[in-house]
Amino acid sequence: MEVGEDVGRMSKVSHFRELQVWQRGMDVVEMVYRASAGFPKAELYGLTSQIRRAAVSVPSNIAEGHSRASTKEYLNHLSIAQGSLAEVQTQLEIARRLGFIVEDQIAPILGETSILGKQLHALRDVLGKRV
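So, how was this worked out
- Residues numbered from 1 in each chain as written.
- Predicted model: local features only at pLDDT ≥ 70, side-chain atom pairs only at ≥ 80, totals over all residues.
- Heavy atoms only, no water.
- Helix = DSSP H or I, 4+ residues; strand = E, 2+ residues; numbered from the N terminus.
- Rg over C-alpha atoms; globule rule 2.2 N^0.38 Å.
- Contact = heavy atoms within 4.5 Å.
- Phe/Tyr/Trp six-rings, centres within 6.5 Å; stacked < 30°, edge-to-face > 60°.
- Buried < 20%, exposed > 50% of the residue type's maximum accessible area, 1.4 Å probe, protein only.
- Core = buried A, V, L, I, M, F, W, Y, C linked by side-chain atoms within 4.5 Å.
- Polar contact = N/O pair within 3.5 Å; in protein donor to acceptor, adjacent residues only side chain to side chain.
- Salt bridge = Lys/Arg side-chain N within 4 Å of Asp/Glu carboxyl O.

**Quick notes on the overall build of the protein**
Here is step 1 of the chain: Secondary structure summary: the protein contains five helices and zero strands in total.
Here is step 2 of the chain: Along the protein, helices and strands appear, N-terminal first, in the series α-α-α-α-α.
Here is step 3 of the chain: For a compact globule of 131 residues, the expected C-alpha radius of gyration is about 14 Å, and the protein comes in at 15 Å, within 12% of that figure.
Here is step 4 of the chain: Dimensions of the protein, computed from the C-alpha atoms along their principal axes, are close to 45 × 25 × 20 Å.
Here is step 5 of the chain: Residue pairs in contact within the protein that sit at least 24 positions apart in sequence constitute 67% of those at least 6 positions apart.

**Looking at the packing of aromatic side chains**
Here is step 1 of the chain: The final tally for this structure, using the stated rule, is two aromatic pairs.
Here is step 2 of the chain: Between Phe 16 and Trp 22 the ring centres are 5.3 Å apart and the planes differ by 65°, which places this aromatic pair in the edge-to-face class. Like Phe 16, the residue Trp 22 is buried in the burial classification.
Here is step 3 of the chain: When the ring of Phe 39 is compared with that of Phe 100, the centres are 5.8 Å apart and the planes differ by 45°; the resulting orientation is tilted. In this pair, Phe 39 is assigned in the loop between helix 2 (20-36) and helix 3 (47-67) and Phe 100 in the loop between helix 4 (71-97) and helix 5 (103-128), connecting sequence segments 61 residues apart.

**Thoughts on the nonpolar core**
Here is step 1 of the chain: Counting residues in each nonpolar core, the largest one holds 32 residues, and the members touching the most others are Leu 19, Ile 62 and Leu 120.
Here is step 2 of the chain: Among the elements of the structure, helix 2, helix 3, helix 4 and helix 5 are those that each provide at least two residues to this core.
Here is step 3 of the chain: Ranked by the residues each element gives to this core, the list is headed by helix 4, at eight residues.

**Let's talk about the side chain of Glu 112**
Here is step 1 of the chain: With respect to the secondary-structure elements, Glu 112 resides in helix 5.
Here is step 2 of the chain: Here the side chain of Glu 112 touches Arg 24 through a polar contact of 2.7 Å, side chain to side chain.

**So, the pattern of salt bridges**
Here is step 1 of the chain: Under the criterion given, the structure shown has seven salt bridges.
Here is step 2 of the chain: Across the salt bridge formed by Glu 64 and Arg 68, the nearest N and O atoms sit 2.4 Å from each other.
Here is step 3 of the chain: Judged by its relative accessible area of 34%, Arg 68 falls in the partly exposed class.
Here is step 4 of the chain: Here Arg 96 makes a salt bridge to Glu 93, at a shortest N to O gap of 2.5 Å. Residue Arg 96 and its partner Glu 93 are both found in helix 4; the two are separated by three residues, about one turn of the helix.
Here is step 5 of the chain: Look at Arg 96 and you get partly exposed, because its relative accessible area is 31%.
Here is step 6 of the chain: Accessibility expressed as a relative area gives 27% for Glu 93, which makes it partly exposed.

The values reported here are purely geometric and, on their own, carry no functional implication.
Written out as structure tokens, the structure is:
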């Protein structure tokens, strides 16, 4: 799948579930939940909860933005999704530094978040030209 695949299909997408960017966001959520399951129990209401909320925010904002009436609102929600994605990346690094997760566990997640970030950026660029 190419980074700009959703961009080229924009006029054909009728539901957010069809967006590759939303689907990748959902994949990241699954990966984060699995990885954070091994965090210390003392972090359940700390880092574990925070990283999971940030991950869930990404596809949630993509879906909400896609369902909004205006392109400006869509862009705003995509911007929030990008911010949440940066939170996930930062929180993964914090977890690694604290020894809650090892490099082999976070590398695939960071790879997916990197691609997702590029997809979000490309989608925002195309939508921004419509405003």
